[in-house]
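Fold and geometry: a report
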Amino acid sequence: MSHILETFFKPKTIAVVGASKNTTKIGHAALKNILISDYECKIYPINPKEKEILGVKCYKKVTQVPGHIDLVIVSVPAKIVPQIMRDCTQKKVKNVIIISSGFSEVGNQELEDELKTIIEKSNMRVLGPNVMGYKNASDGLDASFVYGRAREGNLSLISQSGALGIGMIHLANHEFVGISKIIGVGNKIDIDDDDLIDYFAQDPDTKVVGLYIEAVKDGRKFMNSIKKCKKPVLVVKAGKSKAGARATASHTGSMAGSDKIYDAAIKQAGGIRCRDIVELFDRARALAGQPPAQGNRIGIITNGGGIGILLTDACEENGLVVPKLSSKTYKKIDKILPDIVKPNNPIDLTGDAGFYRYEASTRALLEDPNIDGIIVASVHGGYARPVEFTGAILKMIRERKLHEEFKKPILAAWVGGKEFEDLVWDLKSAGVPIYPSSWRIARSMMALYLEGQRLKREKGDI
Ligand code: ACO
């Protein structure tokens, strides 16, 4: 049986209430976004004054639309919304998105309660009010009013902040992090974070779930959904500081709650808490493209001593260990190094390291049972050829046989300027997790370790 939100994310018929010919209005943008979507569905603009909008036949009310409606998008002033919702109930609409603001977030609890009563008496699933809607990049449907197309991928994002959600779409595109679905939840009158985690848990296009939350309405349901989800769940929880909690109350009208309780609950449920959006994307990139780490023992390969030490410190500070090399691995790597240096962990391939040293040492660490994850770094020093470093990374990451055999994550780090940056874009566009900071890469490796632990717990191995 399909999930209850299947028709919400993949509607066959959509009506836009408050669709307008006026190009500056949100109702115009919402209708246009559906029309320009690469998605097949029937579209019905609703406006009492118009006969057609953007070439599509217009209806005065949802109740006049022929046949059933899977999804209604509402963009009329708040005071009109209850009547629209009564019409939707009468029409037996399955799902509604209420874009309109002007409810509990501005202290108008009474109007929101009126909506709640209508929803509770119906079978509708309702998103909002005070939301941007969603973009479903996997199926090509844009059911939001905001500009921007998400690059297709397998991260599904839930954002309590609409504006931040929009920013995340553009940041993800810039960072080559592919998105399956991104959705704003606003005042969460009905569809809540836990409903969406449950949906994404069974959605074949979603590999990683990410959330920006300020507060959750039902902590137990939220935790249970994370616990049940057999995919990594990354959570940015805002309102950690006293001043942040105050800002939360005035943004979405929600109580940030005790941060310690949130922190413990997310951890206990098996979620991974991220400090900010950049960290969420860093970790999503690693989790979507690499296997989880079976343990926390990390091998580090560099072409410079300094970056090796920074990476080692960052790993150890984040709960990972950088062990000494086994004698077998020592011998393998010793053979490929120049005489001036001896293998250690971090392994310094020295400044003139090219393709072969990178490739052969990465292979040696893949074969070492005492190593669970590999970080390969390049500093754009005097003799360094970034193109050889990136070539070796691509070869190791793309060699499917290696991945299947060793099931170890490989992450890349770099320090350099313009020439390197161009190559980094090539790597990112190929899905390679690459980072410009030792701290960010260590935090991403940590997420792969936590995911490995979660999977072991799920199997009953620990
Ligand atoms: N049925 C259908 N259409 C109707 C009805 C009705 N019963 N009554 C009026 N309309 C039409 C209007 O005539 C108008 O069409 P027109 O341009 O042809 O005249 C259209 O619906 C819209 O109504 P307006 O009164 O013009 O309202 P407007 O478009 O200015 O504002 C809106 C409506 C956008 C919902 C506004 O009230 C609002 O809430 N804005 C904020 C939305 C928002 O930011 N949400 C949070 C998003 S998350 C984030 O931060 C990005």
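Quick note: structure is the one above.
Residues numbered from 1 in each chain as written. Predicted model: local features only at pLDDT ≥ 70, side-chain atom pairs only at ≥ 80, totals over all residues. Heavy atoms only, no water.

Focus: the site of the ligand
Residues in close proximity to the ligand total 24 residues, the closest being S20, K25, N47, K49 and S101. In this structure, an oxygen atom belonging to the ligand sits 2.9 Å away from a side-chain N or O atom of N47. Contact with the protein chains covers 72% of the free accessible surface of the ligand, which is 1000 Å². At 3 residues, the largest contribution of residues to the shell around the ligand is made by helix α5 (residues 162–174). Of the residues belonging to the shell around the ligand, the class tally is 14 nonpolar, 8 polar and 2 charged. No fewer than three residues from each of domain 1 (1–132) and domain 2 (150–289) sit in the shell around the ligand. (Near = heavy atom within 4 Å. Polar contact = N/O pair within 3.5 Å; in protein donor to acceptor, adjacent residues only side chain to side chain. Areas by Shrake-Rupley, 256 points an atom, 1.4 Å probe, with all protein chains shown as cover. Helix = DSSP H or I, 4+ residues; strand = E, 2+ residues; numbered from the N terminus. Nonpolar A, V, L, I, M, F, W, Y, C, P; charged D, E, K, R; others polar. Domains from an automatic or database assignment.)

Quick look at the sheet that holds strand β17 (residues 373–379)
Spatially, β16-β15-β17-β18-β19 is the arrangement adopted by the 5 strands of the open sheet, whose pairing is parallel. Of all strands in the sheet, those with a lone pairing partner are β16 (347–348) and β19 (434–435), marking the two edges. Sheet topology note: the strand β15 (residues 298–302)/β17 ladder contains 4 bridges and is parallel. Across the sheet, the residue bridging to G299 is I374, located in β17. Along the sheet, helix α11 (residues 305–317) contacts β15, β16, β17 and β18 (410–415); its crossing angle with β15, the most-contacted strand, is approximately 160°. (Pairing = 2+ DSSP bridges. Contact = heavy atoms within 4.5 Å. Axes fitted to C-alpha atoms, helices over the stretch in contact; angles between N-to-C directions.)

Points about the packing of aromatic side chains
Counted under the stated rule, the structure contains 11 aromatic pairs. Ring geometry for F8 against Y134: centres 5.1 Å apart, planes inclined by 50°, an arrangement best described as tilted. Here F8 is found in helix α1 (residues 6–9), whereas its partner Y134 is found in strand β8 (residues 133–136), with 126 residues between them in sequence. F8 sits in the buried class, given a relative accessible area of 0%. For the ring pair F389 and F420, a centre distance of 5.8 Å and an interplane angle of 70° mean the geometry is edge-to-face. Here F389, found in helix α14 (residues 386–398), pairs with F420, found in helix α16 (residues 418–429); they are 31 residues apart in sequence, far enough to count as distant. Accessibility classification places F389 together with F420 in one group, the buried group. (Phe/Tyr/Trp six-rings, centres within 6.5 Å; stacked < 30°, edge-to-face > 60°. Buried < 20%, exposed > 50% of the residue type's maximum accessible area, 1.4 Å probe, protein only.)

Let's talk about the pattern of salt bridges
Considering all chains together, one arrives at 32 salt bridges under this definition. Two residues, E175 and R285, come together in a salt bridge whose shortest N-O distance is 2.8 Å. With E175 in the loop between α5 and β11 (179–184) and R285 in helix α10 (residues 277–289), the pair connects residues that are 110 residues apart, well separated along the chain. Owing to a relative accessible area of 6%, R285 belongs among the buried residues under this scheme. With its nearest N and O atoms 3.9 Å apart, the salt bridge here joins K395 to E359. Residue K395 is found in helix α14, and its partner E359 is found in helix α13 (residues 355–366); the two are separated by 36 residues along the sequence. Overlapping salt bridges bring together D259, D263, K267 and R273 as one network. (Salt bridge = Lys/Arg side-chain N within 4 Å of Asp/Glu carboxyl O.)

Observations concerning the sheet that holds strand β9 (residues 141–144)
Strands sit in the order β9-β8-β11-β10-β12-β13-β14 across an open sheet of 7 strands; the sheet is mixed. Here the strands that pair on one side only, and so sit at the sheet edges, are β9 and β14 (272–273). Looking at chain direction, β8 and β11 are connected through 3 bridges and run antiparallel. Opposite K135, over in β11, you have I182 as the bridge partner. Here helix α2 (residues 26–35) sits on the sheet in contact with β8 and β9, set at roughly 170° to β9.

With respect to helix α12 (residues 327–336)
For α12, the full list of buried residues reads T329, I333 and I336. Summarising the axial view, the buried residues of α12 lie within an arc of 50°, below the 170-degree limit, and thus occupy one face. Across from the buried face of α12, at angles greater than 90 degrees, the exposed residues are S327, K328, K331 and K335. Where α12 is buried, its residues contact β16 and α13. (Arc of directions from axis to C-beta.)

Brief notes about unusual backbone geometry
Cis geometry is found at the peptide bond from G128 to P129, where omega equals -5°. Turning to its location among the elements, P129 is positioned in the loop between β7 (125–127) and β8. With an omega of 15°, the peptide bond between N345 and P346 qualifies as cis. Mapped onto the secondary structure, P346 falls in the loop between α12 and β16. Of note, the phi angle at F176 is positive, near 60°, even though the residue is not glycine. Its place among the elements puts F176 in the loop between α5 and β11. Accessibility expressed as a relative area gives 26% for F176, which makes it partly exposed. Positive phi is not limited to glycine here, since K407 has a value of about 45°. Examined against the element boundaries, K407 turns out to sit in the loop between α15 (400–406) and β18.

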